[in-house]
Amino acid sequence: MTTHLGLPDGITACLFDLDGVVTRTAVVHAAAWKAMFDAFLRERDGTGFRPFTDSDYERYVDGRPRADGVRTFLASRGIELPEGAPDDPPEAQTVNGLGNRKNEALLAKIRTDGVEPYEGSLRYLRAVRAAGLATAIVSSSANTREVLRSVEAERLFDVRIDGVVARERGLPGKPHPDTYLAAARDLGVEPSHAAVFEDALAGMEAGRAGHFGYVVGVDRVGQADALQAHGADRVVKDLAELGGEA
């Protein structure tokens, strides 16, 4: 049985990814990653470098903490760099330096182009809260609070587990389930009574690994089959498809 929110009976909390689920920032992240990696690869390999692709973004970067994304993509190309430190300058040839270079590109794009929410997601969130369900935002981004404030959505979440909180608590990022499990714990609910909403394959794997009660894949880029293969119980193009208009 499902409720009017499109969720199974017994779900009492909803855990949402940010980029690509609540806000239209996934495309901005992807563009920032491409700008950073292409510049790095061009500098390293010359004009014949192999560019960073949409497939690279989906397989190695999307949904992961920044340093993990750098490390995983570089490993796919057989490249190793020193880890460095989280406060490495953007020009440093380290994992953290490249991650910080990407973040500079991201913030510049956000300042230039702004951030837009998915209106269907905001309507669904309001309906979830009106129904008395608890909510959390779970994102690898260290800019989560600023992005939510920019679209006036911070008040829609009872708990925030983001890149800042994960670093403070020593939580590994997606595809590990730890950040989602921390959100459920902070809300006081068992994972089996919580639903996960994700657009990234790494997020699907986190939902499956955490044994959550329901995992919804949000397909913004035509990867419905992959989302299901990685653990989605249901795939939608927009959260408005789940019902619960408020």
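Residues numbered from 1 in each chain as written. Predicted model: local features only at pLDDT ≥ 70, side-chain atom pairs only at ≥ 80, totals over all residues. Heavy atoms only, no water.

## What to know about the overall build of the protein chain
At step 1: Of the regular secondary structure elements, the protein chain holds ten helices and six strands.
At step 2: For 246 residues, the compact-globule estimate of 2.2 N^0.38 gives 18 Å, and the C-alpha radius of gyration of the protein chain, at 18 Å, lies within 12% of that figure.
At step 3: For the protein chain, the C-alpha atoms occupy an extent of roughly 55 × 35 × 30 Å along the three principal directions.
At step 4: Relative to its full complement of 246 residues, the protein chain shows a buried share of 54%.
At step 5: In the form shown here, the protein chain has an accessible surface area of approximately 10900 Å², with 48% of it arising from carbon and sulfur atoms.
At step 6: A gap of 2 Å separates the mean positions of the 29 positive and 38 negative side-chain charges of the protein chain. (Helix = DSSP H or I, 4+ residues; strand = E, 2+ residues; numbered from the N terminus. Rg over C-alpha atoms; globule rule 2.2 N^0.38 Å. Buried < 20%, exposed > 50% of the residue type's maximum accessible area, 1.4 Å probe, protein only. Areas by Shrake-Rupley, 256 points an atom, 1.4 Å probe, with all protein chains shown as cover. Lys, Arg positive; Asp, Glu negative; His and termini not counted. Charge placed at Lys NZ, Arg CZ, Asp CG, Glu CD.)

## Some details on the sheet that holds strand E6 (residues 234–236)
At step 1: Ordered by their spatial adjacency, six strands build an open sheet running E3-E2-E1-E4-E5-E6, and the pairing between neighbours is parallel. Of all strands in the sheet, those with a lone pairing partner are strand E3 (159–161) and E6, marking the two edges. Strand-to-strand twist in this sheet, taken as the mean axis angle between neighbours without regard to direction, amounts to 20°.
At step 2: Lying over the sheet, helix H9 (residues 201–209) contacts strand E4 (194–198) and strand E5 (214–218), oriented at roughly 175° with respect to E5. (Pairing = 2+ DSSP bridges. Axes fitted to C-alpha atoms, helices over the stretch in contact; angles between N-to-C directions. Contact = heavy atoms within 4.5 Å.)

## Some details on the side chain of Asp19
At step 1: With respect to the helices and strands, the residue Asp19 is situated in the loop between strand E1 (13–16) and helix H1 (26–45).
At step 2: Despite being buried, Asp19 has no salt bridge partner; Lys102 is the closest side chain of opposite charge, sitting 6.8 Å away.
At step 3: Within the structure, the side chain of Asp19 is placed 2.5 Å from the side chain of Thr25, a separation counted as a polar contact.
At step 4: Residues contacting Asp19, with those up to four places away along its chain left out, are Thr25, Ala26, His29, Ser139, Ser141 and Asp199. (Salt bridge = Lys/Arg side-chain N within 4 Å of Asp/Glu carboxyl O. Polar contact = N/O pair within 3.5 Å; in protein donor to acceptor, adjacent residues only side chain to side chain.)

## What about the pairing of E4?
At step 1: Burial runs high along E4: five of the five residues are buried.
At step 2: By the alternation rule, side chains of E4 split into Ala194, Val196 and Glu198 and Ala195 and Phe197, which are all buried.
At step 3: One ladder, built from four bridges, connects E1 with E4; its direction is parallel. By the bridge assignment, Cys14 is partnered in E4 with Ala195.
At step 4: Where E4 and E5 come together, four bridges link them in parallel fashion. When the bridges of E5 are listed, Glu198 appears paired with Gly217.

## A short note on unusual backbone geometry
Negative phi characterises most residues that are not glycine, and trans characterises most peptide bonds.
At step 1: Backbone torsion omega between Lys174 and Pro175 reads 15°, so that peptide bond is classified as cis.
At step 2: As for its placement among the helices and strands, Pro175 is situated in the loop between helix H7 (163–169) and helix H8 (178–187).
At step 3: Unlike most non-glycine residues, Glu152 shows phi in positive territory, near 55°.
At step 4: Looking at the secondary structure, you find Glu152 in the loop between helix H6 (144–150) and E3.
At step 5: Glu152 sits in the exposed class, given a relative accessible area of 67%.

## As for the environment of Val95
At step 1: As for its placement among the helices and strands, Val95 is situated in helix H4 (residues 95–113).
At step 2: Sequence separation of Val95 and Leu81 is 14 residues, and the distance between their C-alpha atoms is 6.1 Å.
At step 3: Not counting chain neighbours up to four residues away, the residues in contact with Val95 comprise Ala67, Val70, Arg71, Leu81, Pro82 and Glu83.

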